[in-house]
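What follows is each chain in one-letter form.
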Amino acid sequence: MAIWNLGSINADVVYAVPHIPAPGETLSTTGRRMFLGGKGANMSVAAARAAARVHHIGAVGNDGLWAAERLLEYGVDTRNIAVLDTETAQAIIMVDPAGENAILLHPGANAEIPQTTLQNAMAEAQTGDWLVIQNETNLQRTAASLGRKMGLRVAYAAAPLMRTG
């Protein structure tokens, strides 16, 4: 049994701030760090750490090759991560001393995963495998429909909650 994860891959840039800025306020940071992030990447890493066979389906830009390499280091199969002529998704995260945060998300390559990347990955999936989907990518409905037709177990993580107008 394998897990096929149609999931986001983000560059999480975390800024330490004295407080969350008010509208119109300019604020200097007290620190900056960058991490592999994205709900999908986090799920793939967690499952791989729990000894699952995990195939990540996603996309990065040329600026995110390090992120795909990092997933590979965690034991995630990265053959179905497309490298696109666009930027890798980014989450800009501000964290105050109490741990409160505010996050800006730029979807980048997560919103442009090619259908051929999904189809190539699904061609390797077998009945009884798991397909995991979350809210930070395109092709969610297509993947779920295809997965069900193939006899995969489909799990949908409704995170992050996307609010509209």
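The coordinates are above.
Quick look at the structure, then.

## Some points on the environment of Ala91
Locating Ala91 in the fold gives a position in strand 6 (residues 89-95). Each C-alpha atom of the pair Ala91 and Gly64 lies 13 Å from the other, and the pair is 27 residues apart in sequence. Contacts of Ala91, omitting those with residues within four sequence positions, involve Asn10, Ala11, Asp12, Val13, Ile103, Leu104 and Leu105.

## Some remarks on unusual backbone geometry
Of note in this structure, Ala51 is not a glycine but carries a positive phi near 75 degrees. The exposed category is assigned to Ala51, whose relative accessible area is 69%. Although it is not a glycine, Leu139 adopts a positive phi angle of roughly 65 degrees. The residue Leu139 is located in the loop between strand 8 (130-134) and helix 4 (140-149) in this model. According to the relative accessible area criterion, Leu139 is buried, its value standing at 16%.

## Comments concerning the sheet that holds strand 7 (residues 101-106)
One key point about sheets: their strands pair by backbone hydrogen bonds, in either a parallel or an antiparallel sense. Strand order in this open sheet of four strands is 3-2-6-7, and the pairing throughout is mixed. Every other strand in the sheet has two partners, leaving strand 3 (31-37) and strand 7 as the edge strands with one partner each. Pairs of neighbouring strands in the sheet enclose a mean axial angle of 20 degrees, with direction left out of account. Contacts between helix 2 (residues 65-73) and the sheet are confined to strand 2 (10-16) and strand 3, with strand 3 contributing the most and set at about 60 degrees to the helix.

## Digging into the nonpolar core
Among the nonpolar cores identified, the biggest contains 18 residues, and Trp4, Ile57, Met122 and Leu131 are the most heavily contacted of them. Counting residues per element, the ones that place at least two in this core are strand 1 (3-6), strand 4 (54-61), strand 5 (77-84), helix 3 (115-122) and strand 8. Considering each element in turn, this core owes the most residues, three residues, to helix 3. Here Leu131 is in contact with Trp4, Met122, Ala143, Ala144, Gly147, Leu152, Arg153, Val154 and Ala155, once residues within four sequence places are set aside. Core analysis: the second largest hydrophobic core is formed by 15 residues, Ile9, Val45, Leu71 and Val76 among them.

## Focus on the side chain of Asn138
Relative to the helices and strands, Asn138 is located in the loop between strand 8 and helix 4. A polar contact of 3.0 Å, which involves the side chain of Asn138, links it to the backbone nitrogen of Ile113. If we ignore the near neighbours within four places in the chain, the residues touching Asn138 are Leu6, Asn110, Ala111, Glu112 and Ile113.

## So, the pairing of strand 7
Relative to strand 7, strand 6 is paired through six bridges, and the arrangement is antiparallel. Directly across from Met94, in strand 7, lies its bridge partner Ala102. Linkage of strand 6 to strand 7, two consecutive antiparallel strands, is achieved through a turn of five residues, within which Gly99 is found at a positive phi near 95 degrees.

## Here's the deal with the pairing of strand 6
Here seven bridges tie strand 2 to strand 6, and the two strands are oriented parallel to one another. In the strand pairing of strand 6, Tyr15 is matched with Met94.

## Brief notes about helix 3
Thr117, Leu118, Ala121 and Met122 are the residues of helix 3 that are buried. Taken end-on, helix 3 shows its buried residues confined to a sector of 125 degrees, consistent with a single buried face. Taken together, the buried residues of helix 3 touch strand 1, strand 4, strand 5, strand 8 and helix 4.

## Let's talk about the pattern of salt bridges
Under the definition given, this model contains three salt bridges. Among the ionic pairs, Asp77 bridges to Arg79, the shortest N-O distance being 2.7 Å. Judged by relative accessible area, which is 56%, Arg79 ranks as exposed. A salt bridge links Arg79 to Glu124, with the nearest nitrogen and oxygen atoms 3.1 Å apart. Separated by 45 residues along the polypeptide, Arg79 in strand 5 and Glu124 in the loop between helix 3 and strand 8 bring together distant segments of the chain. Among the residues examined, Glu124 registers a relative accessible area of 36% and is labelled partly exposed.

Reading guide: rules and limits
Residues numbered from 1 in each chain as written. Predicted model: local features only at pLDDT ≥ 70, side-chain atom pairs only at ≥ 80, totals over all residues. Heavy atoms only, no water. Helix = DSSP H or I, 4+ residues; strand = E, 2+ residues; numbered from the N terminus. Contact = heavy atoms within 4.5 Å. Buried < 20%, exposed > 50% of the residue type's maximum accessible area, 1.4 Å probe, protein only. Pairing = 2+ DSSP bridges. Axes fitted to C-alpha atoms, helices over the stretch in contact; angles between N-to-C directions. Core = buried A, V, L, I, M, F, W, Y, C linked by side-chain atoms within 4.5 Å. Polar contact = N/O pair within 3.5 Å; in protein donor to acceptor, adjacent residues only side chain to side chain. Arc of directions from axis to C-beta. Salt bridge = Lys/Arg side-chain N within 4 Å of Asp/Glu carboxyl O.

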